[in-house]
Amino acid sequence: MTQGGNGKEPIVQMEGVTKAFGTLEVLRGVDLAIYPGESLVLLGGSGSGKSVLLGILIGLLPASGGRVILNDMEVTAFRTEAEWKAVWRSVGFLFQGAALFDSMSVRDNIAFPLEIHTDLSRTAIDEKVARLLTMVGLGDIEQKMPSELSGGMQKRVALARTIALEPKIVLYDEPTTGLDPITSDTIAELIRELQTRLGITSLVVTHDIRLAFRVADRVSMLHQGKIVITAPLEEMRNHANPRVREFLYG
Ligand SMILES: Nc1ncnc2c1ncn2[C@@H]1O[C@H](COP(=O)(O)OP(=O)(O)O)[C@@H](O)[C@H]1O
Ligand SMILES: [Mg+2]
């Protein structure tokens, strides 16, 4: 096992996590630790259970077994939604697709979590929305509707909304799906920037190898329900394991 974080306590720890749907065993004992400030990419083929794993991490799905500790809380011991509320405030989640509210302007989309979770004034929220737009590399587009934006811009707006409450960790589910390679690269750069400028810890779940090479400090591979390898990116590049080589280089 490769150590990640200079002796720091992990911000996410999964131990022996299992998940079955009826007789379908999707996760069969996942062990994973993510350390503060790092960018960990979880690679796995389509249908390997990446989104299920994220769903368990943020409480959208119950685990069948094992333990999950997130921000020092054992979330697998949670029994009520009230307990999850504190977690949802401190964890950002970027869903697959842009997942913006289509009938709401860019401003209202980004303001949404701030209106729900803070008591900031309207003026303060407007200022914050403008700052967030700058942070994700967008200008004065507050009044635009999502349908007026390109896929890459929608993704940036969704990311601005995700980081509005200043999460310690952001979970990305296939952030480049549906984007062309150049736009994907700019999203990868943005993920890196948020990590370096704001110190945000990232878990990036993807099957996009190009993205993995651009944003990972460490890479874990999910295969047949388990994490089969975790290693720093440089080690992964030259890994002798044939399964790793096949996944990375085809
Ligand atoms: N709510 C559900 N009920 C039944 N099966 C599910 C459910 N969610 C996911 N699965 C199954 O779990 C497996 C992993 O799915 P998923 O995590 O979405 O894969 P991916 O790695 O592509 O994100 C798939 O076989 C999928 O059909
Ligand atoms: Mg998925």
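Source: prediction; values computed, not measured.

Summarise the overall build of the protein chain; cite the residues concerned and give the values.
Scanning the protein chain from terminus to terminus reveals nine helices and 10 strands. A compact globule built from 250 residues should have a C-alpha radius of gyration of about 18 Å, and the protein chain, at 18 Å, falls within 12% of that. Each principal axis of the C-alpha distribution contributes one length, and for the protein chain these read about 50 × 45 × 40 Å. A buried classification covers 38% of the 250 residues belonging to the protein chain. Look at the contacts in the protein chain between residues 6 or more apart in sequence, and 67% of them connect residues 24 or more apart.

A description of the site of ligand 1 should follow, citing residues and the corresponding values.
In the region of ligand 1, the neighbouring residues are Phe21, Val26, Gly44, Ser46, Gly47, Ser48, Gly49, Lys50, Ser51 and Val52. Of the residues in the shell around ligand 1, the class split is three nonpolar, six polar and one charged.

Describe the sheet that holds strand β3 (residues 39-43), and please don't skip the residues or the numbers.
One open sheet accounts for six strands, arranged β6-β7-β8-β3-β9-β10; its pairing is mixed. Here the strands that pair on one side only, and so sit at the sheet edges, are β6 (91-94) and β10 (226-232). Here the average twist between neighbouring strands, direction ignored, is 15 degrees.

Please give an account of unusual backbone geometry that cites residues and values.
The backbone of asparagine 71 sits at a positive phi, close to 50 degrees, despite the residue not being glycine. Here asparagine 71 falls in the partly exposed class, since 14 other C-beta atoms lie within 10 Å of it.

So what's going on with the nonpolar core? Residues and values would help.
Val12, Val41 and Leu203 are the most contacted members of the largest nonpolar core, which totals 64 residues. In this structure, leucine 203 is in contact with Val12, Ile34, Leu40, Leu42, Ile169, Leu171 and Tyr172, ignoring residues within four places of it in sequence.

If you had to explain helix α1 (residues 50-57) to someone new, which residues and values would you point to?
Judged by how many residues are buried, α1 sits mostly within the fold: six of eight residues are covered. One or two residues past the end of α1 sits glycine 59, with phi positive at roughly 80 degrees.

How would you explain the sheet that holds strand β4 (residues 65-70) if you had to name every residue and give the values?
One open sheet holds the four strands; their spatial order is β2-β1-β4-β5, and the pairing between them is antiparallel. A strand with exactly one partner marks an edge of an open sheet, and here the two such strands are β2 (24-34) and β5 (73-74). Pairing analysis gives eight bridges linking strand β1 (residues 12-21) to β2, with the strands arranged antiparallel. Opposite methionine 14, over in β2, you have leucine 32 as the bridge partner.

Give a description of the environment of lysine 144 that names residues and reports values.
Topologically, lysine 144 is positioned in the loop between α4 (122-135) and α5 (151-162). In this structure lysine 144 comes out as partly exposed when scored by C-beta crowding, with 15 C-beta atoms within 10 Å. Between the C-alpha atoms of lysine 144 and valine 106, which are 38 residues apart in sequence, the distance is 5.8 Å. Those residues in contact with lysine 144, other than ones at most four positions away along the chain, are Ser105, Val106 and Leu149.

Describe the packing of α5 against helix α6 (residues 181-198), and please don't skip the residues or the numbers.
Contact geometry of α5 with α6 gives a least axis separation of 10 Å together with a crossing angle of 15 degrees. With respect to each other, α5 and α6 are oriented roughly parallel. Judged by the sense of rotation from one axis to the other, the crossing of α5 with α6 is right-handed. Residues Gly151, Gly152, Lys155, Arg156 and Leu159 of α5 form the contact with α6, whose participating residues are Thr183, Thr186, Ile187 and Leu190. Residues belonging to the contact of α5 with α6 are distributed by class as follows: three nonpolar, four polar and two charged.

Break down the pairing of β1 for me, with residues and values.
Looking along a regular strand, one sees the side chains alternate between the two faces of the sheet. Of the strand pairs in this sheet, β1 and β4 are connected by five bridges, and their pairing is antiparallel. Paired with valine 12 across the strands is leucine 70, a residue of β4.

Describe the packing of helix α3 (residues 106-117) against α4, with residues and values.
At a closest axis distance of 10 Å, the pairing of α3 and α4 adopts a crossing angle of 120 degrees. With respect to α4, the element α3 is oriented oblique. For α3 against α4, the interelement crossing comes out right-handed. Here Arg107, Ile110, Ala111, Leu114 and Glu115 of α3 lie close against α4, whose contacting residues are Ile125, Lys128, Val129 and Leu132. Residue composition of the contact of α3 with α4, grouped by class: six nonpolar, no polar and three charged.

Conventions adopted
Here, residues in each chain are numbered from 1, in the same order as that chain's written sequence. Naming scheme: in the order in which they are written, chains are lettered from A and ligands are numbered from 1. In view of the model being predicted, local features appear only for residues whose pLDDT reaches at least 70, and side-chain atom pairs are presented and counted only at 80 or more, with totals across whole chains, interfaces and linings using the full set of residues. Each helix corresponds to a stretch of at least 4 residues labelled H or I by DSSP, and each strand to a stretch of at least 2 residues labelled E; elements are numbered beginning at the N terminus. Each radius of gyration reported is based on C-alpha atoms, and the globular scaling rule is 2.2 Å times the count of residues to the power 0.38. To assign burial, the other C-beta atoms lying within 10 Å of each residue's own C-beta are counted, with C-beta atoms placed from the backbone; 20 or more indicates buried, 12 or fewer indicates exposed, and intermediate counts indicate partly exposed. Contact between two residues is assigned whenever their backbone-derived C-beta positions fall within 7 Å. The criterion for a residue being near a molecule or strand is simple: its C-beta atom, placed using the backbone, must lie within 6 Å of it. Lys, Arg, Asp and Glu make up the charged group, whereas Ala, Val, Leu, Ile, Met, Phe, Trp, Tyr, Cys and Pro make up the nonpolar group; the residues left over, Gly among them, are polar. The rule for pairing is simple: two strands pair if DSSP sees at least two bridges between them. Orientation is described by lines fitted to C-alpha atoms, with helices fitted over the stretch in contact, and by angles between N-to-C directions that extend from 0 to 180 degrees. The nonpolar core is taken to be a set of buried Ala, Val, Leu, Ile, Met, Phe, Trp, Tyr and Cys residues joined by way of C-beta atoms within 7 Å. Put simply, angles under 35 degrees are roughly parallel, angles over 145 are roughly antiparallel, angles from 65 to 115 are roughly perpendicular, and the rest are oblique. Helix crossings fall into two classes, left-handed where the near helix is turned counterclockwise from the far one by less than a right angle and right-handed where it is turned clockwise.

That is the geometry; function is a separate question.
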